[in-house]
Amino acid sequence: AQTIHQWPVAEIKAVGSPLSLGCTIKGKSSPNLYWYWQATGGTLQQLFYSITVGQVESVVQLNLSASRPKDDQFILSTEKLLLSHSGFYLCAWSRDWGGAEQFFGPGTRLTVL
Amino acid sequence: GDSVTQTEGQVTVSESKSLIINCTYSATSIGYPNLFWYVRYPGEGLQLLLKVITAGQKGSSRGFEATYNKEATSFHLQKASVQESDSAVYYCALSVATGGNNKLTFGQGTVLSVIP
């Protein structure tokens, strides 16, 4: 069975500080990977996707970056946090890109002060 | 771009009563949208409830049903008799696979509270 793990569970960070969120998928080789974000009171929106190691595409510009250093790992980061980065970050994977459902991790709650 | 609208932000229903959560969509991307209902139960992660990838078809799971109505661009979620354990946040979503991306576009979510 496939499992998806996100870390940390929650973060409280200062404006201007760096951030790194991680996601690991076990039990599935070469998954498609995604990052989603939901601001408080907002709608879930896709930020990045990756269909192979080393390749990441940006969907929304939020002064964030993403990387896929390993087949089963997806990292979201920034060097300087903004207040607007607060929210809930979800990592997801799918088997392929053609209509397959996506499986979500438990998420990371980020509060920027 | 693509969009999904859920008109009810919060719904309260008594146990054993029927439920309908409205969902309409607009898909401007080239290709046929696939439609989904996701659910987040208290303390749990977001999980797929049901999906339909063909217009005119109905999906069902855990007593919930939704029909992909291409003419009305709707995908309403229904259940004949809700239970307290159905209390959760429900999200309607669509995806159109384009350029290698399987981007899910979500609605705002509907909080369902079932009163015993």
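Sequence order sets the numbering: in each chain, residues are counted from 1 along the sequence as written. Labels follow written order: the first chain is A, the first ligand is 1, and so on. In view of the model being predicted, local features appear only for residues whose pLDDT reaches at least 70, and side-chain atom pairs are presented and counted only at 80 or more, with totals across whole chains, interfaces and linings using the full set of residues. Excluded from the side-chain calculation are hydrogens and water; included are all heavy atoms of the structure.

Caption draft 1: Fine view of the interface of chain B and chain A. Residues are treated as being in contact if the distance between any of their heavy atoms lies within 4.5 Å. Contact with chain B, which involves 20 residues of that partner, is made by 20 residues of chain A. Once two parts are brought into contact, the accessible area they lose, counted with a 1.4 Å probe and summed over both, makes up the buried area. For the pair chain B and chain A, the summed buried area comes to about 1700 Å², and 54% of that belongs to carbon and sulfur atoms. Between Lys or Arg on one side and Asp or Glu on the other, a salt bridge is scored when a side-chain nitrogen of the former is within 4 Å of a carboxyl oxygen of the latter. Counting across the interface, chain B meets chain A through 1 salt bridge. Between Lys51 of chain B and Glu101 of chain A there is a salt bridge whose closest N-O contact spans 2.7 Å. For the purposes of these results, a polar contact is taken to be a pair of N or O atoms within 3.5 Å, where, inside protein, one atom must be able to donate a hydrogen and its partner to accept one; residues adjacent in sequence count only when each atom of the pair is a side-chain atom. At the surface where chain B touches chain A, the tally comes to 6 residue pairs in polar contact (both at pLDDT 80 or more). For the side of chain B that touches chain A, the secondary-structure elements that each account for two or more residues are strand 5 (34–40), strand 6 (46–52), strand 10 (88–98) and strand 11 (101–106) of chain B. Labels follow the DSSP assignment, with helices taken as runs of H or I lasting at least four residues and strands as runs of E lasting at least two, numbered in each case from the N terminus.

Caption draft 2: How the structure looks around the side chain of Asn101 of chain B. In this fold, Asn101 of chain B is placed in strand 11. On the basis of relative accessible area, Asn101 of chain B is assigned to the buried category, the value being 7%. In this structure the side chain of Asn101 of chain B is engaged in a polar contact, spanning 2.8 Å, whose partner is the side chain of Gln46 of chain A. Among the polar contacts listed, one links the side chain of Asn101 of chain B to the backbone nitrogen of Lys103 of chain B, at a separation of 3.5 Å. In this view, Asn101 of chain B contacts Tyr34, Gln46, Tyr49 and Val59 of chain A together with Val96 of chain B; residues no more than four positions away in its chain are not counted. Using a 1.4 Å probe on the protein chains alone, a residue whose accessible area is under 20% of its type maximum counts as buried, one over 50% counts as exposed, and one in between counts as partly exposed.

Caption draft 3: Seen up close, the pairing of strand 8 (residues 64–67) of chain B. Residues and elements named next belong to chain B. In strand 8, alternate side chains face the same way, and those of Phe64 and Ala66 are buried while those of Glu65 and Thr67 on the opposite face are not. Strand direction decides the pairing type here: strand 7 (residues 58–61) and strand 8, joined by 4 bridges, are antiparallel. Bridge pairing in strand 8 links Lys58 to Thr67. Between the antiparallel neighbours strand 7 and strand 8 lie 2 residues, among them Arg62 with a positive phi of about 50 degrees. Pairing of strand 8 with strand 9 (residues 77–79), which is carried by 3 bridges, proceeds in the antiparallel orientation. By the bridge assignment, Phe64 is partnered in strand 9 with Lys79. Strands pair, by our definition, only if DSSP identifies at least two bridges between them.

Caption draft 4: Inspection of the sheet that holds strand 8 of chain B at higher detail. Residues and elements named next belong to chain B. Judged by pairing direction, the sheet is antiparallel, and its 4 strands sit side by side in the order 3-9-8-7 without closing on themselves. Only two strands of the sheet have a single neighbouring strand rather than two, namely strand 3 (19–21) and strand 7. Taken over all neighbouring pairs, the strand axes of this sheet differ in orientation by 20 degrees on average, direction set aside. Summarising the sheet, strand 3 and strand 9 pair through 3 bridges and their orientation is antiparallel. Counterpart to Ile20 in the pairing with strand 9 is Gln78. The angle between two axes is taken between their N-to-C directions and runs from 0 to 180 degrees, where each axis is a line fitted to C-alpha atoms and a helix contributes only its stretch in contact.

Caption draft 5: Quick look at the environment of Pro116 of chain B. Residues and elements named next belong to chain B. Within the element layout of this structure, Pro116 appears in the segment after strand 12 (110–115). As for Pro116 and Ser3, which are separated by 113 residues in sequence, their C-alpha atoms are 34 Å apart. Setting aside residues up to four positions removed in sequence, Pro116 forms contacts with Glu15 and Glu84.

Caption draft 6: Local environment of the nonpolar core. If you look at the biggest cluster of nonpolar residues, it comprises 27 residues, and the most contacted ones within it are Leu19, Trp37, Leu49, Leu50, Phe75, Leu77 and Tyr90 of chain B. Those elements giving two or more residues to this core turn out to be strand 2 (10–14), strand 3, strand 5, strand 6, strand 8, strand 10 and strand 12 of chain B. Among the elements that take part in this core, strand 10 of chain B stands out by supplying 5 residues, more than any other. Judged by nonpolar contacts, the second largest core, of 20 residues, contains Ile25, Leu76, Tyr89 and Leu110 of chain A. For our purposes a nonpolar core is just a set of buried Ala, Val, Leu, Ile, Met, Phe, Trp, Tyr and Cys residues, chained together by side-chain atoms within 4.5 Å.

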